[in-house]
Amino acid sequence: QNYDDSNNSIAEAWCVGVCLEMKCAAETFLSCNLKVDTDVSEISDVEREAMSSLADVLNFARMRYLKLGDEVFKNKNLLRCAHDGRVHYISNQWVSWSEITRNNNNLTNKYEEYQGSKEVLEKLNGADVLTPWILTALQSGRKYENMYMELCGVIIRLNKLIGRFRCAARILAEQAEVHIIRGEFDRAVESLMPTIDLCADDPWNSLFAWRLFRLICCQRISGNPADYLRTLSFCFGPRASIAMPSKMVNLIIDDLESV
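Residues numbered from 1 in each chain as written. Predicted model: local features only at pLDDT ≥ 70, side-chain atom pairs only at ≥ 80, totals over all residues. Heavy atoms only, no water.

A. Structural view of the overall build of the protein. When helices and strands are counted, the protein shows 13 helices and zero strands. Traced from its N-terminal end to its C-terminal end, the protein shows the element sequence α-α-α-α-α-α-α-α-α-α-α-α-α. The proportion of buried residues among the 259 residues of the protein is 48%. Considering only intrachain contacts with a sequence separation of at least 6, the fraction spanning at least 24 residues in the protein is 70%. Surface summary for the protein: the accessible area is close to 13200 Å², and the carbon and sulfur share equals 52%. (Helix = DSSP H or I, 4+ residues; strand = E, 2+ residues; numbered from the N terminus. Buried < 20%, exposed > 50% of the residue type's maximum accessible area, 1.4 Å probe, protein only. Contact = heavy atoms within 4.5 Å. Areas by Shrake-Rupley, 256 points an atom, 1.4 Å probe, with all protein chains shown as cover.)

B. Seen up close, the side chain of E71. Relative to the assigned elements, E71 resides in helix α2 (residues 45-73). Its relative accessible area of 14% is what places E71 among the buried residues. Residue contacts for E71: discarding those within four places in its chain leaves N8, S9 and V120.

C. Seen up close, the pattern of salt bridges. Overall, the coordinates contain 13 salt bridges when judged by the stated rule. With its nearest N and O atoms 4.0 Å apart, the salt bridge here joins K67 to E71. Placement of the pair is K67 and E71 together in helix α2, with a separation of four residues, close to one helical turn. The class of K67 is partly exposed, set by a relative accessible area of 29%. Of the charged contacts in the structure, one is a salt bridge between E184 and R182, with a shortest N-O distance of 3.6 Å. E184 sits in the buried class, given a relative accessible area of 16%. Through salt bridges with shared partners, one network takes in R142, E145, R182 and E184. (Salt bridge = Lys/Arg side-chain N within 4 Å of Asp/Glu carboxyl O.)

D. Local environment of the environment of T195. The topology assignment puts T195 in helix α9 (residues 185-198). Distance from T195 to R211, taken between C-alpha atoms, is 7.2 Å for residues 16 residues apart in sequence. If sequence neighbours within four positions are ignored, T195 has contacts with A169, L172, A173 and R211. Of note is the side chain of T195, whose polar atom sits 2.5 Å from the backbone oxygen of L192. (Polar contact = N/O pair within 3.5 Å; in protein donor to acceptor, adjacent residues only side chain to side chain.)

E. Region of interest: the packing of helix α7 (residues 141-161) against helix α8 (residues 165-182). Closest axis-to-axis distance for the α7/α8 pair is 8 Å, and the angle between their directions is 160°. When the axes of α7 and α8 are compared, the pair comes out roughly antiparallel. With respect to the hand of their crossing, α7 and α8 are arranged in left-handed fashion. Judged by residue contacts, R142, E145, N146, Y148, M149, C152, G153, I155, I156, N159 and K160 of α7 engage F165, C167, A168, I171, L172, E174, Q175, V178, H179 and R182 from α8. Of the residues assigned to the contact of α7 with α8, the class counts are eleven nonpolar, five polar and five charged. (Axes fitted to C-alpha atoms, helices over the stretch in contact; angles between N-to-C directions. Parallel < 35°, antiparallel > 145°, perpendicular 65-115°, else oblique. Left-handed = near helix turned anticlockwise from the far one by under 90°. Nonpolar A, V, L, I, M, F, W, Y, C, P; charged D, E, K, R; others polar.)

F. Inspection of the nonpolar core at higher detail. Counting 46 residues, the largest nonpolar core has L58, V72, L124, L138 and Y144 as its most contacted members. For this core, the secondary-structure elements that each account for two or more residues are α1 (8-29), α2, α3 (78-83), α5 (118-127), α6 (132-137), α7 and α8. Sorting elements by how many residues they give to this core places α7 first, with eleven residues. Setting aside residues up to four positions removed in sequence, V72 forms contacts with G116, S117, V120, L121, L124 and L138. Listed in part, the 28 residues of the second largest apolar core include V95, I100, A188 and M244. (Core = buried A, V, L, I, M, F, W, Y, C linked by side-chain atoms within 4.5 Å.)

G. A look at α8. In this model, α8 (18 residues) spans 26 Å end to end at C-alpha, consistent with the 26 Å of a helix rising 1.5 Å per residue. Of all 18 residues in α8, 14 are buried, a share of seventy percent or more. Where α8 terminates, the next one or two residues include G183, which has phi positive at roughly 85°. (Expected span 1.5 Å × (residues − 1).)

Nothing here speaks to function; it is geometry throughout.
Here is the structure:
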């Protein structure tokens, strides 16, 4: 069906809805629960092939869901900042370790709730393309983000099960960026820790170093000094040390001496 720019939101909502219906249909076929981690040995070859196709479909839905958020929430779409790699909490917020220990509570970001465009939401409701899942997600910015994180969780588990570990790590890192923007540094650490393990056998050293540095950015605020010191020491291993730029290394050395 042809549509102009004013009807993009309707097309995006329709695409996301169809993809999620395919996910629900696939869950009746698969023997494992996509909401929890599953032993890879329990999956048949036929199921693995189906999971590969489902992961592609849901990743397409993820991109369309992001675009739907752009249409509904405009430039307030927090997920777009995380997805596009607009890095938060580095140069403009990197303060000394002594200041962190003195004033930790004031270093977290202040999350502000936001609402979607009434005009776009009315158009979507009038077009009758919103499934209950999407209707709930668009009620507020927070609900929109939470639904996205839930969708990402399913995609991450699928990618792990079919051996796409780099894809799983990439989406985990994106989830971490969402938590960082929200000021949820402890949850960002939970998302970033698996990416370090998933990168262990990946020869992409610069990516490994970057993920490690993002973990440091969060741990220095949320973690205890012992965990943070362990991560700092890990940065001087052969893989990370050769890939980190000098500015990162200097920041790490300063903290290592202070902690």
